[in-house]
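Listed here are the chains, written in short residue letters.
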Amino acid sequence: SMQARLEQVAERLEQVASRLETASQGGDGGSVVGGAPVPKKAANVSSSQQPGSTTASTGGSGNSVQAFQALLKDKVYKVVEVAEKLPKEVKKITGVLSKAFEEELRVVDTFTQCKQPDSMYLRKLVQPVSEQMKAATQIADGPRSDFTNHFRAVSESMQAMAWVVYTGPSSGIDPPGQMVAGILSVSEVYINRIIM
């Protein structure tokens, strides 16, 4: 059922958050970045460093933000553009997908601008992505339609967006590449049904 699936997604996110909290505690109460302890003073992000807007800034440094912006422009927005010509149900799920990627860009951008946030802020930071993942699951678990496989493909694929909470081997989740590959292989089942 839709409620059971939502609870499963929420439980998975809570498990990830719990693992992050456990993994992020260094010897002095600080965090761990890439397996190396960061002193508490450096690990805590001041409120002035925590972007409060819901839209991603373009002021982030590094290739990661530029690469993510290119992904949005070259892939995600093209999917949304194609979906504009399709029935409203498909437009709705691609809108959720687009919003999730925009929120993920905000997370990536934030990571380039500050030290690793503490676990409470990290949870708040990824919450909008989590909400979009839940919205996709609700659509996928809704009434069957001619587009059910489309909905499931998007919903399953969006689970890969959890890669941003990986903090190292002690985080209890697979490294980003491995996580994304595993999740995408599951979503291929639905993609293949669409193609056939």
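All values reported here derive from a predicted model rather than from experimental measurement. (Residues numbered from 1 in each chain as written. Predicted model: local features only at pLDDT ≥ 70, side-chain atom pairs only at ≥ 80, totals over all residues. Heavy atoms only, no water.)

Q: Explanation requested: the overall build of the protein in the structure shown.
A: Assigned secondary structure in the protein consists of seven helices and two strands. Along the protein, helices (α) and strands (β) appear in the sequence α-β-β-α-α-α-α-α-α when read from the amino end. Across the protein, contacts joining residues at least 24 apart in sequence account for 70% of those joining residues at least 6 apart. When the accessible surface of the protein is split by element, carbon and sulfur atoms take 55% of a total near 10,800 Å². (Helix = DSSP H or I, 4+ residues; strand = E, 2+ residues; numbered from the N terminus. Contact = heavy atoms within 4.5 Å. Areas by Shrake-Rupley, 256 points an atom, 1.4 Å probe, with all protein chains shown as cover.)

Q: Whenever I open this one, a nonpolar patch on the surface confuses me. Can you help?
A: A cluster of nonpolar side chains, Ile-191, Ile-194 and Ile-195, forms an exposed patch at the surface whose accessible area comes to about 260 Å². Looking at where Ile-191 falls in the secondary structure, it is placed in helix α7 (residues 176-195). (Patch = residues over 30% accessible without salt bridge, like charges linked within 9 Å, V, L, I, M, F, W, Y side chains within 5 Å. Salt bridge = Lys/Arg side-chain N within 4 Å of Asp/Glu carboxyl O.)

Q: Explanation requested: the pattern of salt bridges in the structure shown.
A: As a working rule, side chains carrying opposite charge can pair if their charged atoms are close by. As enumerated under the stated definition, the model contains three salt bridges in all. For Arg-106, the salt bridge identified is with Glu-103, shortest N-O distance 2.8 Å. One end of the pair is Arg-106 and the other is Glu-103, both in helix α4 (residues 88-113) and three residues apart, which spans about a single turn. Accessibility classification places Arg-106 together with Glu-103 in one group, the buried group. Each of Lys-99, Glu-103 and Arg-106 takes part in salt bridges that share partners, so that together they form one network. (Buried < 20%, exposed > 50% of the residue type's maximum accessible area, 1.4 Å probe, protein only.)

Q: What should I look at first to understand the nonpolar core in this one?
A: Generally speaking, nonpolar side chains in soluble globular proteins are found buried as a group. Core analysis: the largest hydrophobic core is formed by 35 residues, its most contacted members being Phe-101, Met-158 and Met-161. Of all the secondary structure elements, the ones that give two or more residues to this core are α3 (63-83), α4, α5 (119-140), α6 (148-158) and α7. Those residues in contact with Met-161 that lie beyond four places of it in its chain are Ala-100, Phe-101, Glu-104, Val-129 and Met-133. (Core = buried A, V, L, I, M, F, W, Y, C linked by side-chain atoms within 4.5 Å.)

Q: I keep staring at the packing of α3 against α4 and nothing clicks. Help me out?
A: Remark: α3 packs on α4, axes separated minimally by 10 Å, with the N-to-C direction vectors making an angle of 175°. Classed by the angle they form, the pair α3 and α4 counts as roughly antiparallel. In contact with Ser-64, Val-65, Phe-68, Gln-69, Leu-71, Leu-72, Val-76, Tyr-77, Val-79, Val-80 and Ala-83 of α3, α4 contributes Val-90, Lys-91, Thr-94, Ser-98, Phe-101, Glu-102, Glu-104, Leu-105, Val-108, Asp-109 and Thr-112. (Axes fitted to C-alpha atoms, helices over the stretch in contact; angles between N-to-C directions. Parallel < 35°, antiparallel > 145°, perpendicular 65-115°, else oblique.)

Q: How should the environment of Lys-99 be read in this particular structure?
A: Secondary-structure assignment places Lys-99 in helix α4. On the basis of relative accessible area, Lys-99 is assigned to the partly exposed category, the value being 32%. Spatially, the C-alpha atoms of Lys-99 and Pro-128 are 9.0 Å apart, while their sequence positions differ by 29 residues.

Q: I keep staring at the packing of aromatic side chains and nothing clicks. Help me out?
A: For the structure shown, the criterion picks out one aromatic pair. Ring centres of Phe-68 and Phe-101 lie 6.0 Å apart, and the angle between their planes is 35°; on these two criteria the pair is classed as tilted. Here Phe-68 is found in helix α3, whereas its partner Phe-101 is found in helix α4, with 33 residues between them in sequence. Here Phe-68 matches Phe-101 in class, with each residue buried. (Phe/Tyr/Trp six-rings, centres within 6.5 Å; stacked < 30°, edge-to-face > 60°.)

Q: It is not clear to me how the confidence of the model for the protein should be interpreted in this structure. Could you clarify?
A: Predicted coordinates in areas of low pLDDT are best not read in detail. Put simply, the protein has an average pLDDT of 75, and 68% of its residues get 70 or more. Within the protein, α6 carries the highest mean pLDDT (93), whereas strand β2 (residues 36-38) carries the lowest (29). Contacts of residues 20-60 to residues separated by more than four positions or lying in other chains number 72 contacts, the stretch itself having pLDDT below 50. (pLDDT = per-residue confidence, 0-100.)

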